[in-house]
Amino acid sequence: MDFLIAAIPLFPLLGFMLLGISGRWWRSEKLIGAVGSGAVGISFLLSLIVLSRLLQSPETERVHTTTLYRWIAAGTFQVDIAFQVDPLSLVFTLVVTGVGFLIHVYSIGYMHGDRGFWRFFAYLNLFIFMMLVLVLSNNVLLTFVGWEGVGLCSYLLIGFWYDRPFAGVGILWTTDAGRKAFIMNRIGDVGMLVAMFLLVKQFGTLEYTAITTQAAATLPVGSEVATAVTLLLFLACTGKSAQIPLATWLPDAMAGPTPVSALIHAATMVTAGVFLVARLSPLFALAPATMTLITLIGALTALTAATIGLVQTDIKKVLAYSTVSQLGFMFTAAGVGAFSAAVFHVVTHAFFKALLFLGAGAVIHALHEQQDIRLMGGLKRHMPTTYRTFLIAALAIAGIPPLSGFFSKDAILWNVFEGAGAIGWLVLAAAAFCTAFYSFRLIGLVFHGEERFDRHRIHPHEAPPVMRIPLVILACLSVVGGLLGIPYALLPIGTNPNVLERWLEPVFAPALSLLGKVPVLTVHWEEYLAMLVATGISAAGIVLAWRLFVLRGIAGERLLEQRLGAVYTLLWRKYYLDEAYQKGVVEPVEQLSERVLWRILDVGVIDGFVNGIALVVGRFGAVLRRLQTGIAQTYAMLMLAGILALLSWLVLF
Amino acid sequence: MEFLLVALLAVPLLGFGTVLLIPRERLGWIQGVSLGSSVLTLLLAIGIWLGFHPEKPGFQYVVSVRWIDSLDIGFRIGVDGVSLLLVLLTAFLMPLALLASLEPIRHRQKEYYAMMLLLETAMLGVFVALDTFLFYVFWELVLIPMYFIIGIWGGRNRVYAALKFFLYTLVGSLLMLVAIVWLGVYAEQHAGGFTADYERLRQLAPTIPLELQRWLFWAFALSFCIKVPLFPLHTWLPDAHVEAPTAGSVILAGVLLKMGTYGLVRFNLELFPQASFQYATLLAWLGVVGILYGALVAFAQTDMKKLIAYSSVSHLGFIVLGIFSMTVEGLQGALIQMVNHGLSTGMLFLCVGLLYERRHTRELAEFGGLARVMPLFAVLLLLAVLSSVGLPGLNGFVGEFLSLLGAARSRFLDNFLLVVLGACGVIFAAAYLLKFYHSLMFGEARNPENYHLRDLTWSERLQLVPLVLLFIWIGVYPHTFLNTSELALRGLVAKLEQLRFGVTNISVPPSTPAPERQPPATPAPEPQKLLEEQLRRMPPPRP
């Protein structure tokens, strides 16, 4: 078992080292693709084996830790390189390696002919390795290694086409978008860093199990330490998972190749924040203030991002805002203590959002790098498989039963209704309406209606099988993924039919007992009502979008613009958040460092003082030098004067 | 095996002498001898490291030769874990710096290589000296070759920079000389004789009255803080770096600055513990200000060397913070950060140097789009940048993390704001280093001269690749290096806590007699009583 666990992250690391060092000289794209995908595929198979082992062992013995070596030790502080497999980390491992594998395979087709083919797969393998380190680590510090490591990969892959321009506020090149992502993430990472110092100060260790057991045993609910630590950790989550106030990097991260957006900026990395909250759930449960803040931020982000997504015209930007919004859903759930619902949505979202991105990639590919949905249309005929899978994903994200999104979104909505009342539910329901609307706006403008691309130059064609097969598999998963979490209300059979919730129960039990949430199998009539209304709202969004965009095509877009009026501009400019940050943060800091600190303080005051001393000494010397005239008569006169002065001193006193 | 340490000092000195004897026309011989002796020095340093027993307390490889008997000044050298790591760093960087000099140094080569070898001897001497006078001799000896290296082989404004460097650091060291004499005199009055013996002074140190300690503390600290350089004593550094030749910058940033931080540990904490308790907070704050200030000013720079110079101010701030946390974690972090900064900043200067050789400019705006022209260089420079940014998995993180952790756990500082502000430094570090990297590598290749730059030559690869391997080694398995110095720093912190709080929970192996209980070498008039009186005068420890 120890070896199995350690081997899961090992293979992507080997793949990275092999491709990173020697990939430059490999002639065959197929071989590079096979090695890159194979490394992740093996990890996936190993995770499946681990899963089967865990399933065989009793519920209480589903935690395995394997320590590789002592990493840092100084004084009384010590931390190991150690991996921990438990129900929670295994769910993430399976998603990362499973969806990761499919996206690797897809990339073989998508990146075909790119001069950086080997580099791309090396980075992707490194990303998978770092992501696995993040989720498998048994302590916060090693998670932090993965946390910053995936950030590095994200940076490298956003700027993968480093010589391509990319437009944004303060952004000229794709690499600038990467830099923005890296720095905004770093702001969050400082939160995690400081949280770790507090944790060590408080508990003397960074191991998850030790922290959670000690915290539950020693800290009262609402304790200052727990609140401070969780707030700081949540700051890190807002960075990595693109929540307000650190959300603005994710839409710009779309500068990267589309498989990157699917893997990193939709399915896996951005869910790391949810993972962190889930991993330390007992600590969060001790901080009601933080939990409330998480709920608020999550709901706010969910709605804000969903509304921005309504009017964006870049297909990937729409999906990016959709991702931000869906992450908001997950955090809202985590904030009300519905950790397993949040994790459930991570899983289903990974399926359908990856599918949406990969479908978008196929479209962009077919239209020769065109990303503006106003210049698409009518692709249904040319790309039937892509259309069908995209439609399934859109239905799933809209939350139409019996697709996966319905179940996970319903779980979140119901828990929010229970935990945060009708207002919370309404906010999320409004976001869900927008979700259904923008998803079918994409369907309408991309696949239906007249062909608005240059038909003489561009002949759209269906993606090759290597890209198509991952689409089909993800579509199947988007359909059946919901079976993991069937609510008791829909299947009252005596035991909890929610497989995922049962699987995660040992992980979340301590937190839930702290929150006073005892899982009971009861059915309320409100639950059915909420389910019905929510589905109705989603269906309304679909119908509205269908009537606007499928039936009217681009005219519907103009109608939307007219009807929304000033709101359209506000949404189009993303509530002016980017501009506000640029004017309110970036430029003042630049001015401060350039004008005030460097030119005035450093060169002017400090160095001026130093040079001033030198100048004074020099001047003083210049004056004294005049005494040394070299004329003997002057010296004699001075000597005489001196003697007279001395004599008179002696005589008079 | 003690002769190894003598040999370590002798080999570069012999190299210096040999270079002087070779006629200047034989350039190959000169270069060969200097490279050869620096490599031999590195091998000796590694040998010393391998033979070092990290589990034994106290100094090892100690050699003590009588010098000036009447003042008890001697040629006393030895290493403990702290100095050994810095010896290794010095010996490791020197061959790389010499390799980087082969091409760019085109006139007065003989003098240049002689100066570099003299510099190496002096720097190693600073780290191994166990006698205050010997230390002072080596400390000042460093100035002379460095002054010439900047002043003769430097850039356009080299004379101003060299003079500023020399005078600035000299001011501090003269005060240190006064303090050294004063210490000797104190020993004469209270311990039966003038002495410069570091070990004896260390026994005596806690008994020095606080008023006197304060003066002595600042006399030493000023000299060291100028060298570090600690904000606001840093303005000599950007000038010196900009004007120095590449190898000069590498050694200046890589080793010379560490002499300051080393001195703070070796002399200020060890000899003036009570004064250190008093001023730790002030110096830690200056360190934190330096972290943020250096980073912000670095962000405004357009000259690559100035940018890296200010980044040093920022990085050294972490080290000062770690030192004055006076915890084992913080000091270990500070020490490994000294090594890290030497490696990563050394590499950054090497990279700037090789670009300068190709384009004869250091203005960021002149570059752009190099990633396509020099792909291998792009990868290696990225690693240097990431190491400097403090990305976990590479070396820089270990040092920064432990320094900040030390400050967080410190019983002496006890102000969490220091930690929070210090941690914010990593944001700005990312900002200015990525700005630096992006201006070079990405975007448009504005100047057509950039289209056909040559990627790394074999000599350049030989300089950069070992550094990168060390980044990864220290990042992934820092134990190798942390272990070397753990015990020495535990002993120091145990002593400090004992003095301040009366108790310590730092475990020092039982074979170590607690330092403060060792009887002094010569009978002193009841040092124990003095010590007690001293402790009584200290403010009561906070709970």
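Residues numbered from 1 in each chain as written. Chains lettered and ligands numbered in written order. Predicted model: local features only at pLDDT ≥ 70, side-chain atom pairs only at ≥ 80, totals over all residues.

What follows is about the overall build of chain B. From N to C terminus, chain B includes 20 helices and two strands. Scaling as 2.2 N^0.38, a compact globule of 543 residues should have a C-alpha radius of gyration of about 24 Å, and chain B matches this with 23 Å. Projected onto its principal axes, the C-alpha positions of chain B cover 75 × 55 × 40 Å. Burial statistics for chain B: of 543 residues in total, 61% are counted as buried. Restricting to contacts in chain B with at least 6 residues of sequence separation, those with at least 24 account for 80%. (Helix = DSSP H or I, 4+ residues; strand = E, 2+ residues; numbered from the N terminus. Rg over C-alpha atoms; globule rule 2.2 N^0.38 Å. Buried ≥ 20, exposed ≤ 12 C-beta atoms within 10 Å, placed from the backbone. Contact = placed C-beta atoms within 7 Å.)

Glancing now at the interface of chain B and chain A. By convention, interface size is frequently given as the accessible area that disappears when the constituent parts associate. Contacts between chain B and chain A engage 40 residues on the former and 36 residues on the latter. Looking at the side of chain B that touches chain A, the elements that each hand over two or more residues are α11 (273-300), α13 (328-359), α14 (370-373), α16 (395-409), α17 (416-441) and α19 (479-501) of chain B. Top element by residues in the side of chain B that touches chain A is α17 of chain B. It accounts for ten residues.

Below, the discussion takes up the packing of helix α12 (residues 304-325) of chain B against α16 of chain B. All names here are of chain B. Direction vectors running N to C along α12 and α16 enclose 40°, while the axes themselves pass 8 Å from each other. Here α12 lies oblique to α16, going by the angle between them. The two elements α12 and α16 cross, and the hand of that crossing is left-handed. Every residue of α16 that contacts α12 at Phe318, Ile319, Leu321, Gly322 and Ser325 is listed here: Gly399, Glu400, Leu402, Ser403, Gly406 and Ala407. Split by residue class, the contact of α12 with α16 holds five nonpolar, five polar and one charged. (Axes fitted to C-alpha atoms, helices over the stretch in contact; angles between N-to-C directions. Parallel < 35°, antiparallel > 145°, perpendicular 65-115°, else oblique. Left-handed = near helix turned anticlockwise from the far one by under 90°. Nonpolar A, V, L, I, M, F, W, Y, C, P; charged D, E, K, R; others polar.)

Our next topic: α16 of chain B. Between its first and last C-alpha atoms α16 of chain B spans 22 Å; for 15 residues at 1.5 Å apiece the expected length is 21 Å, and the two agree. Of all 15 residues in α16 of chain B, 15 are buried, a share of seventy percent or more. (Expected span 1.5 Å × (residues − 1).)

Bringing the nonpolar core into the picture now. All names here are of chain A. By size, the foremost hydrophobic cluster in this structure holds 441 residues, and its most contacted members are Met196, Ala342, Ala354 and Leu428. Per-element accounting of this core gives the leading share, 26 residues, to helix α18 (residues 404-447). If we ignore the near neighbours within four places in the chain, the residues touching Ala354 are Val99, Ile103, Ala262, Ala266, Ala267 and Leu474. (Core = buried A, V, L, I, M, F, W, Y, C linked by C-beta atoms within 7 Å.)

This next bit is on the confidence of the model for chain B. Residue and element names in this part refer to chain B. Summarising the model, chain B shows a mean pLDDT of 89, and 94% of its residues fall at 70 or more. When mean pLDDT is taken per element in chain B, helix α3 (residues 81-99) scores highest with 95 and helix α20 (residues 527-537) scores lowest with 58. Model confidence for the complex: the whole-complex pTM is 0.92, and ipTM, which rates the interface, is 0.91. (pLDDT = per-residue confidence, 0-100.)

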